[in-house]
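# Survey of secondary and tertiary structure
This is what each chain is made of:
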Amino acid sequence: MTALAGLVIVETAERVTGEFAARLLADFGAEVIKVEAPGGAPTRAIGPFHEGASTLFRYLNSNKKSVQLDLAAPGDRALLDRLLARADALIDDHGPDWATQHGLALGSQPDIVHCAITPFGQDAPAHWQVARPINVMNAGGWAWHTPSESAPDRPPLMGAGRFMSDYEAGLEAALCTAASLLRKRRTGAGQAIDISEVAVQLSRADCVLGRMLAGDAEPGPERTRYDMGGPGAAFACADGHVYLLMTTRAHWRGLCALMSDPDWAAAFPEDWLEYHCTPDRVADFRRHFRAWIATQAKDAVAQAAQQAGVPLVQVNSAADLIDHVQYRHRGFFQSLGGALHPTVPYRMSASPVQLHSPAPTPGADQAMLA
Amino acid sequence: MSRGGPLAGIRVLEIAKVWAGPYAGKLLAFLGAEVIKVESRANLDEMRAYGGVDIDSAPYFRSINQEVLSVQLDMKSDEGMAHLRAMIAASDVLIDNLRPGAMERSGLGYEDVRAIRPDIIQLSIKMYGSDGPLGYQTGYAPCFAALGGLNALVGHADETPAGMSIRYGDSTVGAAAALAIVAALHHRETSGEGQFIDLSAVETLSMMVGDSLFAYGLTGEMPQATGNAHADMAPHGCYPCAEGQWLSLAIADDREWRAFCTTIDAQALAADPRFAHASDRLANRDALDATIAQRSPEWNAEAMAQALLLAGVPAFRSQSSLDLIGSEALWALGAYRMVSDAKGEVRPIIGPGWRMTPDEASITRGAPLLGEHNHLVYGAILGLSDSEIDDLIARRVIW
C-alpha cells in the first residue's frame, strides 16, 4: 500500500512548482485531481515536445487524473466546489489576485489543507507575483553566487534547467502539505500554507547566509561570497568532465598517489589545503592538474579516486544517468508508456512509490464530475 | 512542551552530522516535531568545530540546528548504547547520515532498530543510497550535484560546465528526506507499520533536473548548459547595470515586450522588425541581448526592476548576500526570524520557506548547547532521576 492512499488532492496549479508538488504527493498514492482550463494546462504548451506532446507536462503529471473546468464560469466553478467538498487538500500556485477572483484566496478553504505557492509569499506586493524562475533565482541569491568563482563581469546564472526554484519550492510545498495532512488525519482540521519560493531558497542557504545574518560571517557584494576557496572545480578530462573537491591533506596525499607522485606536486606543502591555500597555489595546482586530468578517462579515474579517498567524481550527463549502474540497481528510472521516468530518491521498504499511470489527456476523468 | 504545528507529538532521533541530515531534522522541528539530536563529545558533529573554538558557539552549527534538542551519549560504550536503545523505543523516527556501514557497526541497522521498536521509521541518507554496486561510495554536496546530472546543466555556453554554487545540494537532500519521513508517518498512521527509507543524495539532485532527464530519454537531444538562454523566451537573462548590479529579465510574449520597451523608453527597439514578435526575438536572441546590454549599464537595477514589475514585466535585481540580509522586504515578509539560545542571546535566523494558519509551530529557540537537554530528555523519556543522570555524566556515559 502506498503512503497517502485514500487522500484526495485537488490541483489548480498551472506552473511547474505546483504541478511538481502535487506529483510528489501522487507518487505516494494520493488521488490527485488536476483541474485544467479549457484548452489544457499551460505546461502542455511548453517544450521540448515528443510526438506532439510536451515532455515537461508528461514528466510533471504522471499518476494524476484530469478534469477540465472553466473556473471563470459559475457552473464549472460550482463543480470545483463539489470536488473540494470531498478533497483533503488543494494545491495552487497562482498569485493572490487570481485566487481571490476565483474564490480560492488562501484561507477560503478552512476545512482542508490549502497550500499556495507564490514567488514571494502571499503578503508580497501584487506586482512582484509575475516573477519567473530566473527572477526568483536572482531575488534569492543563488544566481548571484553561481557558479562559484564568478568574475564580476560575467552574468549571474539561473541554475540548472529552467525550473530550479520551482522544484525546490514544490518539494517544500509537498513536505508542508503532507505534514498538514497528517494533522488533518489526527484532528480533522484544515490549515492554510503560504509557500514563498524565495524564502525556500534562503532556507536552503542557511549554513552560509544564516551565518552572515547572525553576524558570524561578513556579507558583501562579491560574487564569491558563498565560495569556500580551495582548488575544487570542474575540469575537462579525456572523455567529458570531472569535478574535484579537495580540502584535506588526506585528499592531497590520495590525489598525489593517483597521479603517481609527479615532480611538481613536491613543491606543495603537505598541509597546503588546510593552512597555505593561497590563490597562487590554487592556480599553480590547477595548471598542472588540468594537464594531467585531460589525459584521463572519467569513469576510470573517478573509480580510482574513490579507492584513494579523493572526492573526484564524474560530471554526469543525462546519457550517463539513464545507463547508470547504480540507478539501474535502485530503479530510479521506471518505464511507463514507452518512456523512462526519473522517479524519486527515496526507496521506502513498506510503502514504495509507484508509477502507475502516465500523464492524463485533458479532461480524461471528466466523468467523475457527474 | 509542544510548540504546536502539524507534526506536534512526533518524536525524531537524529544521529546526523554536517548539513543534509541536520537540515532534515530542522525542517521536521520547524513543523512541530520534537527532534532530539544525539551527540557525543568523543564524536562531534564537525559543524561544532568549524569557525571557532567554542563548540557551543560554532557559527556553522548554530546556522542550521535551531529548535532541535541536544543530548549527549557515548555510543561506543555498552551502557550508552543501552540508553540509546531505550530512546529508540520511545521515538517515532530515526535519521542518520553517517558513512555507509557505520550504523550497522553500531548495532543500529534497520533490523536491529525494528527489533527495538517494530513501527519505527528509519531514514538513512547516503551519497548513492545504502546498497547496490556503488553504495559504498562517499562524497560531499558538490559531488552529488556533479554525479546527479545537475552541474552539467549549469554554466556559460560552450565552456566547462562550472556547476551550481559549491554550497548547493545538502539542504535539498535534507528536504527530500523530511518529505519521505512525513509520507512514512502517514503509512504508519493507517497501517501501523514502520519502514526503512533509503535516500540517495545523488538521485535527489537528479530529481531537481528531472524534466531534462526525461526529455532526453524521449528525444535523444542532450540537454546542455546554456548560460541563461531559454528555449521559449527572449530576452531571458541577466543584464549588466550601473555600479556592478545585474537585472534579471524573462519576457515571454509581445505584450511583455511592448511594456518593456515603453518602460526603458526605447521606442526604436519596439519598432525593430528583428524583435517584433516572440519568434523573431528567439531567432535573433544574440542581437537582442547585445542591444539590451548596450543600454542596461545606464540603469539603476533596483529602480528599473521595480518599474518593470509595475508594468507587468517579469524582472528582478540580482541580489548579493549584502542585499539579502539588508532587504527590508524579506524581513517584512517573515523570511527571517529571531530566536534566543540557552545563554539568553538573541539572534536572527533564516526562517522556513512557509507560513501556516492556524497552528504554525513556534520557532523561538536557537541551536542547542552540547547536551543542553540531557536532564530534560533523559528525565522525561527514560524516567531517570537527576542524580542518576549526574552519575552518567560523571562516568562519561553521557559525554
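The rules behind the values
- Residues numbered from 1 in each chain as written.
- Chains lettered and ligands numbered in written order.
- Predicted model: local features only at pLDDT ≥ 70, side-chain atom pairs only at ≥ 80, totals over all residues.
- Heavy atoms only, no water.
- Domains from an automatic or database assignment.
- Contact = heavy atoms within 4.5 Å.
- Buried area = accessible area lost by both parts, 1.4 Å probe.
- Salt bridge = Lys/Arg side-chain N within 4 Å of Asp/Glu carboxyl O.
- Polar contact = N/O pair within 3.5 Å; in protein donor to acceptor, adjacent residues only side chain to side chain.
- Helix = DSSP H or I, 4+ residues; strand = E, 2+ residues; numbered from the N terminus.
- Nonpolar A, V, L, I, M, F, W, Y, C, P; charged D, E, K, R; others polar.
- Pairing = 2+ DSSP bridges.
- Axes fitted to C-alpha atoms, helices over the stretch in contact; angles between N-to-C directions.
- 1 Å grid on protein atoms, 1.4 Å probe; cavity = no way out; pocket = protein on both sides within 12 Å on 5 of 7 lines; lining within 4 Å.
- Points joined across faces, edges and corners; volume = space filled by probe spheres on them.

Turning our eyes to something else, we now look at the domain arrangement of chain B. For chain B, the domain assignment lists domain 1 (11–208 + 334–395) and domain 2 (235–322). A straight line from the C-alpha centre of domain 1 of chain B to that of domain 2 of chain B covers 43 Å.

Turning our attention to the interface of chain A and chain B. On the chain B side, the residues contacting the 139 residues of chain A number 145 residues. Here chain A packs against chain B, burying approximately 12,400 Å² in sum over the two surfaces, 66% of which is carbon and sulfur. Ranking the residues of chain A by area buried against chain B places R132, L175 and L213 of chain A at the top, with a combined share of 6%. Between R132 of chain A and E256 of chain B there is a salt bridge whose closest N-O contact spans 2.8 Å. Put simply, chain A and chain B have 56 residue pairs in polar contact (both at pLDDT 80 or more) between them. In terms of residue count, helix α6 (residues 164–187) of chain A provides more of the side of chain A that touches chain B than any other element does, 16 residues in total. Class assignment of the residues belonging to the side of chain A that touches chain B gives a composition of 82 nonpolar, 36 polar and 21 charged. Pairing of strand β8 (residues 191–196) of chain A with strand β12 (residues 354–357) of chain B involves four bridges; the strand directions are antiparallel.

Moving on, we come to the sheet that holds strand β9 (residues 233–237) of chain A. All names here are of chain A. If you trace the three strands from one edge of the open sheet to the other, you get β9-β10-β11, paired in antiparallel fashion. Edge positions in the sheet fall to β9 and β11 (312–314), since each has one partner strand and no second. Averaged over all pairs of adjacent strands, the angle between strand axes in this sheet comes to 35°, irrespective of strand direction. With three bridges connecting them, strand β10 (residues 240–244) and β11 associate as antiparallel partners. Across the sheet, residue L244 finds its bridge partner in β11, namely L312. Most of the contacts of helix α12 (residues 298–307) go to β11, to which it runs at about 145°, and overall it touches β9, β10 and β11.

Now for the layout of surface pockets. In this approach the atoms are scanned with a rolling probe the size of a water molecule, which exposes any empty space left behind. Here the second largest pocket defines a volume of roughly 850 Å³. Around the second largest pocket sit 35 residues that line it, and E14, R15, V130, A131 and R132 of chain A are the ones nearest its centre. Put simply, the parts of the chain that give the lining of the second largest pocket at least two residues each are α4 (96–101), β7 (113–118) and α5 (133–139) of chain A together with α10 (254–263) of chain B. Among the elements that take part in the lining of the second largest pocket, α4 of chain A stands out by supplying three residues, more than any other. Each residue belonging to the lining of the second largest pocket can be placed in one class, and the counts come to 17 nonpolar, eight polar and ten charged.

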